[in-house]
Amino acid sequence: MIQRQRDTSPQAAKPSDERVRKVSPWRILLERPELGSIAGTVLVFVFFGFTAGGSGMFALDGVINWAQVAGYLGVLAVGACLLMIAGEFDLSMGSMIGFSGVLVAIPPMYLGWPLWAAVIFAFAASMALGWLNGYLVVRTKLPSFIVTLAFMFILRGLTLVLSTGFANSTIVSGVGDKFTADPISSALFDGTTMHWLFSALAGMNLIDKLPNGDPVVGGIPKVLLWWALMAIVAGFVLARTRFGNWIYMVGGDANAAKNVGVPVRRVKISLFVLTAFCACLFGVLQVADVGSAAADRGLQKEFEAIIAVVIGGTLLTGGFGSVIGACFGALIFGVVQIGISYTNIDSDWYRVFLGGMLLLAVLFNHYIRSRAASTK
């Protein structure tokens, strides 16, 4: 018998498979949803570096100013991002900001409640309304655009009724003193933190000081810590948990997701509750910062949050996006909104710039998805 010798060479040990192909790093980079927002952020910083580099915009106090604006919008953008990846919208977020702010202000000012109880009540009421939003969407199968648009007007009207009914004005003032007197609420929402660090840096002449010797920046605004916490938790959930996979599946094809056992209704309702929580958190932080609540707070913030999320690479059709991209989109807002005041550019161009950024982001996302689909 003739015995055949077995080929043990590496080429024979690894049979070629035409279904497996090497993907270039550039292609992997192009398919990342946050690519456009990161590139946009770089361009914005370069632009203001040339036009406002010596104006103090990038000094420590200037950085805190535009970072704080970005932080407020970033809190909203985190919740809006997850909901939009799931294929839904919440247009009531802006009205929820004003509504929750009034719910925080009126009970301690006119009903004798402790502030911490009013804060808990505001979160509970806001999240209950978020649940109702989600329930109506999944139960009636109406577009979330229509349902939340109705709640946008309902909440704005309720805010006006409550503020004028109790305070006889659209502004409920004096709440700042209540935060100062409440150590729990103050520690969570009011003012800044890490004062010791900035005092030490000022003592070492590493940052600018005021004439009295205090640092020019007293600490990190707490909205930035909340933004970081929300972004880290949401990013982890989206990338590392089963619930995050469910969000992508629901946004990609809700019927297919339901057929493989994904609780589509529970996922969507949970995300509407999340957006309501984010809007209430925005409202509470704003009331603590300003010291008052107003019926017109949060006006058009829902659209700014959606724009930030779209700039961050999330598709309007759902199923694709990232929290990191949404955060960069919010950062672009903060830099542009505050940066314009450091230049000679008319501030009226701010909205024009944001509209242009939205259009470019949509076109870029469409191009990337088309390229990805054509090569599958």
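Just so it is clear, the structure is predicted and the values come from calculations on it, not from any experiment. (Residues numbered from 1 in each chain as written. Predicted model: local features only at pLDDT ≥ 70, side-chain atom pairs only at ≥ 80, totals over all residues. Heavy atoms only, no water.)

## Thoughts on helix H4 (residues 60-85)
The terminal C-alpha atoms of H4 lie 35 Å apart, and with 26 residues this matches the ideal 38 Å at 1.5 Å per residue to within 8%. Taken as a whole, H4 carries its principal kink of about 25° at Gly 74. A positive backbone phi angle near 90° is found at Gly 87, which sits one or two residues after H4. (Helix = DSSP H or I, 4+ residues; strand = E, 2+ residues; numbered from the N terminus. Expected span 1.5 Å × (residues − 1). Bend = angle between axes of the 7 residues up to and from the residue.)

## Quick look at unusual backbone geometry
Of note, Asn 168 is a non-glycine position whose phi angle comes to about 55°, a positive value. Classification of Asn 168 as exposed rests on a relative accessible area of 70%. If you check the backbone angles, Met 194 has positive phi at about 60° while not being a glycine. Mapped onto the fold, Met 194 is located in the loop between strand E2 (192-193) and helix H10 (195-203). (Buried < 20%, exposed > 50% of the residue type's maximum accessible area, 1.4 Å probe, protein only.)

## Points about the packing of aromatic side chains
One pass over the structure, following the stated rule, counts eleven aromatic pairs. A centroid spacing of 6.1 Å and a plane angle of 35° characterise the contact between Phe 45 and Phe 58, whose relative ring orientation is tilted. One end of the pair, Phe 45, is in helix H3 (residues 35-51); the other, Phe 58, is in the loop between H3 and H4, with 13 residues separating them in the sequence. Under the relative-accessibility criterion, Phe 58 is labelled partly exposed at 32%. Pairing Phe 45 with Trp 66 gives two aromatic rings, centres 5.6 Å apart and planes at 70°, and the pair type is edge-to-face. A residue pair is termed long-range when its members are at least 10 positions apart, and Phe 45 in helix H3 and Trp 66 in helix H4 qualify at 21 residues. Phe 45 gets classed as partly exposed once you look at its relative accessible area, which sits at 27%. (Phe/Tyr/Trp six-rings, centres within 6.5 Å; stacked < 30°, edge-to-face > 60°.)

## Some remarks on a positive patch on the surface
A cluster of like positive charges, contributed by Arg 139, Lys 141, Lys 258 and Arg 265, occupies part of the molecular surface. Tracing the sequence through the fold places Arg 265 in helix H14 (residues 264-290). (Patch = residues over 30% accessible without salt bridge, like charges linked within 9 Å, V, L, I, M, F, W, Y side chains within 5 Å. Areas by Shrake-Rupley, 256 points an atom, 1.4 Å probe, with all protein chains shown as cover. Salt bridge = Lys/Arg side-chain N within 4 Å of Asp/Glu carboxyl O. Lys, Arg positive; Asp, Glu negative; His and termini not counted. Charge placed at Lys NZ, Arg CZ, Asp CG, Glu CD.)

## Some points on the confidence of the model for the protein chain
Of the residues in the protein chain, 89% have a pLDDT of 70 or more, and the chain-wide mean is 87. Here residues 1-6 is modelled with pLDDT under 50, and outside its nearest four sequence neighbours on either side it reaches zero contacts, counting other chains as well. Ignoring residues within four places in sequence, the model shows residues 9-13, a span with pLDDT below 50, making one contact including any to other chains. (pLDDT = per-residue confidence, 0-100. Contact = heavy atoms within 4.5 Å.)

## Quick look at the packing of H4 against H14
Across the interface, H4 lies against H14 with an axial gap of 7 Å and an inter-helix angle of 170°. In terms of their interaxial angle, H4 and H14 are classed as roughly antiparallel. Crossing geometry of H4 relative to H14 is assigned as left-handed. Contact residues: H4 offers Gln 68, Tyr 72, Leu 73, Val 75, Leu 76, Gly 79, Ala 80, Leu 82 and Leu 83, while H14 offers Lys 268, Leu 271, Phe 272, Leu 274, Thr 275, Cys 278, Ala 279, Leu 281, Phe 282, Leu 285, Gln 286 and Asp 289. Partitioned by chemical class, the residues of the contact of H4 with H14 number 15 nonpolar, four polar and two charged. (Axes fitted to C-alpha atoms, helices over the stretch in contact; angles between N-to-C directions. Parallel < 35°, antiparallel > 145°, perpendicular 65-115°, else oblique. Left-handed = near helix turned anticlockwise from the far one by under 90°. Nonpolar A, V, L, I, M, F, W, Y, C, P; charged D, E, K, R; others polar.)

## Some details on the environment of Arg 266
Mapped onto the fold, Arg 266 is located in helix H14. Its relative accessible area of 51% is what places Arg 266 among the exposed residues.

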